[in-house]
Structures are given as C-alpha cells and as structure tokens.
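Examining the three-dimensional arrangement
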Amino acid sequence: LLDFDLLWVPISYKAIEDVLLAVKQKPDLTEEMLSVLGVKNNITSINGVLCKGTYNQMGQAIYKVLEKYSCDITEEEAVRLTIDAYHRNSEVGMVKPACENIFDVLSKLKQLGIKLAVVTTDDAVVTKRCLETLGIDTLFDVVYTDDGKYPAKPDAYCIHDFCKKTGFSKSEVVMVGDTLTDVCFAQNGGIKIIGVAKSDENRCILEKEADIVIPDISHVLEVIE
C-alpha cells in the first residue's frame, strides 16, 4: 500500500538513536543495528526483520548488537526500549502510496463486491496514520494489527477470522503482499498469494513462492480479471 523505505527507514534511524541514548552507547552502532534489521544504504531487504518481523523480533535483533558490545541490559529491556522508541517516533518518515492511483484501484475492487482487509505486523497507531494519510482508511472492512489481540503473521489466524467474518471460503480469498512472511502467511492459511515487487531482486525472490508477481498494486485489477 505504501513506499516502505520512505516511512520505516527514517523511523528506524530515530528509534535506534533513542535506544542507544537510553543505554548510553555511542551512535556509531547505528549502521550495524540497521544492518541486523535488514537495512543497507537506506534500502530494506524483504527478508529483513524490519520488513517482515514484529516489534518484538526487531527488539531481539537490536539486543544481539548490544550484547555483542557487552551492554549491561537484558533482552527483555532491549525489546521494551525498542518498542517504546518505535512508538515514540511513529510520526517520523513519509507516507507515500505505492502507486499514484491507489484510492481508485481499491475503490474499483470494492465496486466489484470484493471485501478488503489489512493484515500487518505494524501497530494500530502507525497503521491508522498510514491508512488515513493515504486516504484509504474507509475502504477496508477489517484491519488486523500487531496489538496483541491476534497472533502475528505468518500465523494464519487472521485468514480464518476474515473468512468467518465475511462468509467467504479460502478459495475466494487472496493475499497481496511484498514479503516472504506474506507468502508464508498465505500458504499457512491455504489461500493464493499475489506478490508485489518493484526491484528485479525482490521479484526473483517472490517468484519462487508466490502464485504470480506484479510490479505494484495497481496491477491487481488485471490479475483478478
């Protein structure tokens, strides 16, 4: 739905800065922490923790760096600091749509009688901000976030719940995602998966697992038709 790097790389820089300040470590560990999250040269790998993981997993990754430098902190404390830092800096970064006509694309899907859901490992605050900024918050029938109410992707709970809420069978449901976690989520739930990849590298990764890969979400209409 949005340009991942424009939003999450700036947030990560600020969050890591806050974590390092809290544990009294120098900022020269920033690049190493970004690397363990899967960020290099301000580009996020779709296999990286930042792209596919939960806040807890991101905190655990950051803890490994702190542990490497003998920082006096427990993993539980590092996870808490990480989660707090990401929440505190959730307004940082740019929310830019993945394609220019995203509202029209989603509206056309709704006009076809398709029900839409968001399933994300982001928290409710960030998700609300993104959907509202993109002007598409009213188009979704269900929104699942990483708020502790539901098991996170790739657990298939949200697929089963969505089918229950809408009355659709699994054969009528498709996941549209840009990470291997999305692929695994769909496979665990027994539904089809449309991969989304701009770069050739990510396309090659997703083509091995997804039913089909498109360059951006505007092509979903073509695939469905």
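Below is a summary of the structure that appears in this document. (Residues numbered from 1 in each chain as written. Predicted model: local features only at pLDDT ≥ 70, side-chain atom pairs only at ≥ 80, totals over all residues. Heavy atoms only, no water.)

So, about the environment of Tyr-69. When you line up the elements, Tyr-69 lands in the loop between helix 4 (55-68) and helix 5 (75-88). Relative accessible area serves as the criterion here: at 37%, Tyr-69 is assigned to the partly exposed category. Once the C-alpha coordinates of Tyr-69 and Leu-29 are considered, the two residues, 40 residues apart in sequence, prove to be 9.5 Å apart. Not counting residues up to four positions away in its chain, the partners in contact with Tyr-69 are Leu-29 and Glu-32. (Helix = DSSP H or I, 4+ residues; strand = E, 2+ residues; numbered from the N terminus. Buried < 20%, exposed > 50% of the residue type's maximum accessible area, 1.4 Å probe, protein only. Contact = heavy atoms within 4.5 Å.)

This part is about the packing of helix 4 against helix 5. One way to put it is that helix 4 packs onto helix 5 with a least axis distance of 8 Å and a crossing angle of 120°. In terms of orientation, helix 4 and helix 5 fall into the oblique class. Pair helix 4 / helix 5 crosses with right-handed handedness. Note on element contacts: helix 5 touches helix 4 through Glu-75, Ala-78, Val-79, Thr-82, Ile-83 and Tyr-86, opposite Tyr-55, Asn-56, Met-58, Gly-59, Gln-60, Ile-62, Tyr-63 and Leu-66. (Axes fitted to C-alpha atoms, helices over the stretch in contact; angles between N-to-C directions. Parallel < 35°, antiparallel > 145°, perpendicular 65-115°, else oblique. Left-handed = near helix turned anticlockwise from the far one by under 90°.)

With that settled, the discussion passes to unusual backbone geometry. Between Lys-153 and Pro-154 the backbone carries a cis peptide bond, its omega angle lying at 10°. Structurally, the position occupied by Pro-154 is in the loop between strand 4 (142-144) and helix 8 (157-166). Even without being glycine, Ser-70 reaches a positive phi, approximately 55°. Within the secondary structure, Ser-70 is located in the loop between helix 4 and helix 5. Overall, the relative accessible area of 66% leaves Ser-70 in the exposed class.

On their own, these measurements won't tell you what the molecule is for.
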